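These are the residues of each chain, in order.
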Amino acid sequence: MSRHPLFSRLRWRIVAAHMLVVIVGVIVVLAMSRILLDYVVPSALAGDFAALASAESEAELAEGTSALLAAFRSAVLASVAVAATGAIVAALITGLVLARQILHPLDQLAGSARRVAAGRYSERVSVPDSEELALVASSFNQMAKALQGVEEQRVTLIGDVAHELRTPLTALAGYLEGLVDGLFEPEEETFDAMHQEVRRLQRLIDDLQALSRVEAGQISLQMESQPLLPLVELAAASLLSQAAGKGVTLSVSRLADSPLVHVDADRVLQILHNLLGNAIRYTPEGGRIDVKVSSRERNAEVTVTDTGIGIPAEALPYIFERFFRVDTSRSRRSGGSGIGLTISRYLAWAMGGELTAASTGAGRGSTFTLLLPLAPPD
Ligand code: ADP
């Protein structure tokens, strides 16, 4: 049933409810007064009228008149009292029914809030047609949906972490069983392989800890204005031998004056290490990695372009999600946890920047672009 638009506002509904209560009260007063005056009062006064009619002297007439007036006054007062009591009872019942009807959506909301608090995140309330309550109900539904999303993420995260931990642990258990059964010789090679799995576990745990900190916004930033180029050169220099060892050329060029940025230098280095490390990891021998520094309107820009294996278009939207790897076995073999880019993007956001990825497809290289805020002019 659709209501008049005026009544879709709660305040008008409350006013209308008050008016209805008053109207019911007045109708009951009028109706009861009418009945009392028509039937009860005349019979109550009949005796006094008869006494007045049969008065034979002046004194009896005066006495009869005052008795009649007194009886009339008390009959009217009693009628008003009875009618008022009836009106109060009727108004009370009407008020309770109306209040119950108006507050019903709030009761529903309170019940749903309790169920959501108890962990039933799929709970939703129906949106009432009063504008004010509809706003509250749809905000509640939005909140419940967001909580459901967080809960789903939490469950996925636990599954992912368990999965990631299981891989190196299974390998370690395999080596240990092999040693016990005599399948493997207790020699340096075996222990090296086991040590590698332990290091992978340690790296994963360090990454997870860093991820939980950045996701919770618990990172302290030492923001300072500084030139960007030296930071990029420092990051590139520290990975130069790694690139050379793999037969990959790594070069830095600047397209404009080195921009001054307002950043936390350590965090920028962390992001650049991740981007350059990935570029080296996913670029085969003979490939090239070009790092360019430039500035745009309000941002400085670092692009890391490689001629490596590239990223397929269908994988690009997920590249920054935790534990996402394009080629799971390949990345895992090379020690990748699939968390590096997630952390880097959070760090870029925390500094007021952005990190994006582009690739024209598998086998055609990738470009990662880091935007950082320019230092404010003095
Ligand atoms: P990982 O530690 O696995 O490298 P990242 O979060 O740093 O984790 O990267 C996520 C995934 O993105 C990688 O597993 C890889 O599939 C893909 N990726 C990242 N950088 C590149 C790149 N330069 N070229 C191709 N693929 C890349």
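Residues numbered from 1 in each chain as written. Predicted model: local features only at pLDDT ≥ 70, side-chain atom pairs only at ≥ 80, totals over all residues. Heavy atoms only, no water.

**Details of the sheet that holds strand 4 (residues 288–295)**
- Read across the open sheet, the five strands follow the order 2-4-5-7-6; overall the sheet is mixed. Whereas interior strands pair on both sides, the edge strands pair on one side only; in this sheet they are strand 2 (249–254) and strand 6 (354–359). Averaged over all pairs of adjacent strands, the angle between their axes in this sheet comes to 15°, without regard to strand direction.
- Pairing geometry for strand 6 and strand 7 (residues 366–373), over six bridges, is antiparallel. Counted as the bridge partner of Ser359 is Ser366 from strand 7.
- Its contacts with the sheet put helix 5 (residues 228–245) on strand 2, strand 4, strand 5 (299–306) and strand 7, and the angle it makes with strand 2 is roughly 170°. (Pairing = 2+ DSSP bridges. Helix = DSSP H or I, 4+ residues; strand = E, 2+ residues; numbered from the N terminus. Axes fitted to C-alpha atoms, helices over the stretch in contact; angles between N-to-C directions. Contact = heavy atoms within 4.5 Å.)

**A short note on the nonpolar core**
- Membership of the largest hydrophobic core comes to 48 residues, with the highest contact counts inside it found for Leu228, Leu276 and Ile289.
- Among the secondary structure elements, those contributing two or more residues to this core are helix 4 (188–215), helix 5, strand 3 (260–263), helix 6 (265–281), strand 4, strand 5, helix 8 (340–350) and strand 7.
- Take this core: its biggest share by element is nine residues, from helix 6.
- Ignoring any residue separated from it by four or fewer positions in sequence, one finds Leu276 in contact with Ala235, Ala236, Leu239, Leu250, Ile289, Val291 and Val304.
- Residues Leu10, Val21, Leu98 and Leu133 belong to the second largest nonpolar core, which totals seven residues. (Core = buried A, V, L, I, M, F, W, Y, C linked by side-chain atoms within 4.5 Å. Buried < 20%, exposed > 50% of the residue type's maximum accessible area, 1.4 Å probe, protein only.)

**Quick word on helix 4**
- With 28 residues, helix 4 should reach 40 Å at 1.5 Å per residue; the first-to-last C-alpha distance of 40 Å fits that figure.
- Taken together, the buried positions of helix 4 are Thr190, Ala193, Met194, Glu197, Leu201, Leu204, Leu208, Leu211 and Val214.
- Where helix 4 is buried, its residues touch helix 3 (131–181) and helix 8. (Expected span 1.5 Å × (residues − 1).)

**Section: the pattern of salt bridges**
- Following the criterion strictly, the structure yields ten salt bridges and no others.
- For Glu123, the salt bridge identified is with Arg120, shortest N-O distance 3.4 Å.
- Between Glu151 and Arg154 there is a salt bridge, with its nearest N and O atoms 2.9 Å apart. You can see Glu151 and its partner Arg154 sitting in helix 3, three residues apart, about one turn around the helix.
- Judged by its relative accessible area of 22%, Glu151 is partly exposed.
- Arg154 gets classed as partly exposed once you look at its relative accessible area, which sits at 44%. (Salt bridge = Lys/Arg side-chain N within 4 Å of Asp/Glu carboxyl O.)

**Focus: the pairing of strand 5**
- For strand 5, the tally of buried residues reaches six of eight residues, placing the bulk of the element in the interior.
- Note: strand 4 against strand 5, seven bridges, orientation antiparallel. Looking across to strand 5, one finds that Ser295 is bridged to Ala300.
- Joining the antiparallel neighbours strand 4 and strand 5 is a turn of three residues.
- Sheet topology note: the strand 5/strand 7 ladder contains eight bridges and is antiparallel.

**Quick notes on the site of the ligand**
- In the vicinity of the ligand there are 22 residues, among which Asn278, Arg281, Asp306, Val326 and Leu341 approach most closely.
- Within the side chain of Asp306, one N or O atom sits 2.9 Å away from a nitrogen atom of the ligand.
- Breaking the shell around the ligand down by element, the ones donating at least two residues are helix 6, helix 8 and strand 7.
- Residue contributions to the shell around the ligand peak at four residues, all from helix 6. (Near = heavy atom within 4 Å. Polar contact = N/O pair within 3.5 Å; in protein donor to acceptor, adjacent residues only side chain to side chain.)

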